[in-house]
Amino acid sequence: MQHDSKRILALAVVTAALLGAGQACIAATAADKAVLIRDAMVFDGTGRAPFAASVLVEEGRIAAIGEGLAAPKGARVVNARGQALLPGLFDLHTHWTPNATPSELPQVANLYMAAGVTTVSDFHEPPEAYAPRRAWLASIAAPDVKFAARMSTPLGHGADWGDENTTRWVNSPEAARAGVQAVAAYKPDFIKAFTDGWRYSNAADNSSMDEETLTALVDEAHKHGLKVFTHTVMVKRGKAAARAGVDVIAHSVQDGPADAELIQLMRTHGTAYAPSLAVYLPERVDGSGRNNGKPEVLAQREQNFANALHNVKTLHDAGIPVVVGTDAGMTGTPHGASTLRELELLVQAGLSPSEALLAGTSASAKALGVDDRGTIEVGKRADLLLCVASRGAGLPTSATPSRSMSPVVRYTAAARCFRRATRRWHCPRSRCRRWWMISSVPMAVPHWIRCAWTRPTAATTAPGR
């Protein structure tokens, strides 16, 4: 309990004012047994409209929520008037790979905390690494990292390394059950099954997992209390994954439009959808994909991405839970920044800002099967994000997220000064004339909280279209 409290309090809350050069972040630490966040505008992740309140944190848990809360003796007080308090963000699909930049665990952890991401799923570790990496993460300021055990077919996607220890190879129901039993001994947090070998019409396809094998894998995993996420990118294989009972499809189906059969199967079997739009962005989150590749490949990438955006909206409107995952760590998809870009892309796909934030908080918590976070409620972990909108003369035109020990997102309103007719979106309130560049959606979070949280209309949105 002691080190858990230390880690949670390190994540608890931060504010960065950007009121002048050298302004430091204010972070809760293990020495703060109690923290009072006073007079914030609270978006609690439950679906309730934002409301003004103070939040008291004691021993890493939310102890009280209300107006006029008194600070206990010795408590740290953070003045949050005019700022937005949200649950910490999730990213359910990342790879902490040695091939990325940065590749070192502490630096990757810093990037997520700097982006306000307090719970992350890592799809990249061999089973022997779970225990030592958990111990290492518990000793530093870091998000809570959940580890996926990897399973694929021989010659399948995810088995490219030829490392049968990191990715177990299964090709029959019996092999799938034996594989789950083997990896379960290492206590993973869930299983990632690479089920779809389609290579987006850009390369020769890998092998795919047949439905009988996947069904046995899911059944055995659920017997061990493990959820199953899948790499599934085709509509027909999305249907097979849903029939098999997978918990989360962790990629976009993008070879065509999602149809009524897929929707009904996902609804019937309770399958959530983590579209990982950031990794499919044609120009890449870091801009490295611009004009990079053959024209026919770029055209196919654009079409796949258009299908991905369309299917997010279709599934969301049909009541399928949409959650946040990015595939960060892959080419052009940097840690931390890609999670914030994913929220932008959900808005671009047609979700309202509040729906995008719900996807990144409470919906992701439910999909991951953790009920102690994702909302701001008494008794929940104090994984919190305090957003500060900077205003006034002399502010920089952009702000780099802090790489300190705390989950901070620094915002600036300076993006209002730029206008690109095809690269902007408007506040969802029909009477509000505020707008932002698509690349600056996170800057608008405090405005979303203060303004009306009504569903966007066609006249006030259509970002990037």
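Since we're looking at a predicted model, the values are computed, not measured.

## Some thoughts on the overall build of the protein chain
Each helix and strand counted, the protein chain has 13 helices and 19 strands in total. For the protein chain, buried positions account for 57% of its 465 residues. Considering only intrachain contacts with a sequence separation of at least 6, the fraction spanning at least 24 residues in the protein chain is 70%. Total accessible area computed for the protein chain in this model is approximately 18,300 Å², and 51% of it derives from carbon and sulfur atoms.

## Considering the pattern of salt bridges
A full pass over the atoms with the stated rule returns 20 salt bridges. Measuring nitrogen to oxygen at the nearest pair gives 3.9 Å for the salt bridge that ties arginine 243 to glutamate 261. Pair noted here: arginine 243 is in helix H6 (residues 235–244) and glutamate 261 is in helix H7 (residues 260–269), with a separation of 18 residues, a long-range link. Residue glutamate 261 is classed as partly exposed on the basis of its relative accessible area, which comes to 42%. The partner of lysine 380 in a salt bridge is glutamate 377, and the shortest N-O contact between them spans 3.1 Å. Among the residues examined, glutamate 377 registers a relative accessible area of 32% and is labelled partly exposed. Overlapping salt bridges, with partners in common, bring together Asp144, Lys146, Asp372, Arg373, Arg381 and Asp383 in one network.

## As for the packing of helix H5 (residues 211–223) against H6
One way to put it is that H5 packs onto H6 with a least axis distance of 8 Å and a crossing angle of 35°. Judged by the sense of rotation from one axis to the other, the crossing of H5 with H6 is right-handed. Where H5 abuts H6, its residues Glu211, Leu214, Thr215 and Val218 lie against Ala240, Ala241, Arg243 and Ala244. Residues that form the contact of H5 with H6 fall into these classes: five nonpolar, one polar and two charged.

## Examining the nonpolar core
With 78 residues, the main nonpolar core has Trp96, Ile191, Leu217 and Leu346 as its most contacted residues. Here this core takes six residues from helix H10 (residues 337–349), the largest share from any one element. For leucine 346, the contacting residues outside a window of four places in its chain are Pro275, Leu277, Val312, Val322, Val324, Leu351, Ala356 and Ala359. Listed in part, the 16 residues of the second largest apolar core include Ile37, Val57, Ile62 and Leu384.

Reading the values: rules and limits
Residues numbered from 1 in each chain as written. Predicted model: local features only at pLDDT ≥ 70, side-chain atom pairs only at ≥ 80, totals over all residues. Heavy atoms only, no water. Helix = DSSP H or I, 4+ residues; strand = E, 2+ residues; numbered from the N terminus. Buried < 20%, exposed > 50% of the residue type's maximum accessible area, 1.4 Å probe, protein only. Contact = heavy atoms within 4.5 Å. Areas by Shrake-Rupley, 256 points an atom, 1.4 Å probe, with all protein chains shown as cover. Salt bridge = Lys/Arg side-chain N within 4 Å of Asp/Glu carboxyl O. Axes fitted to C-alpha atoms, helices over the stretch in contact; angles between N-to-C directions. Left-handed = near helix turned anticlockwise from the far one by under 90°. Nonpolar A, V, L, I, M, F, W, Y, C, P; charged D, E, K, R; others polar. Core = buried A, V, L, I, M, F, W, Y, C linked by side-chain atoms within 4.5 Å.

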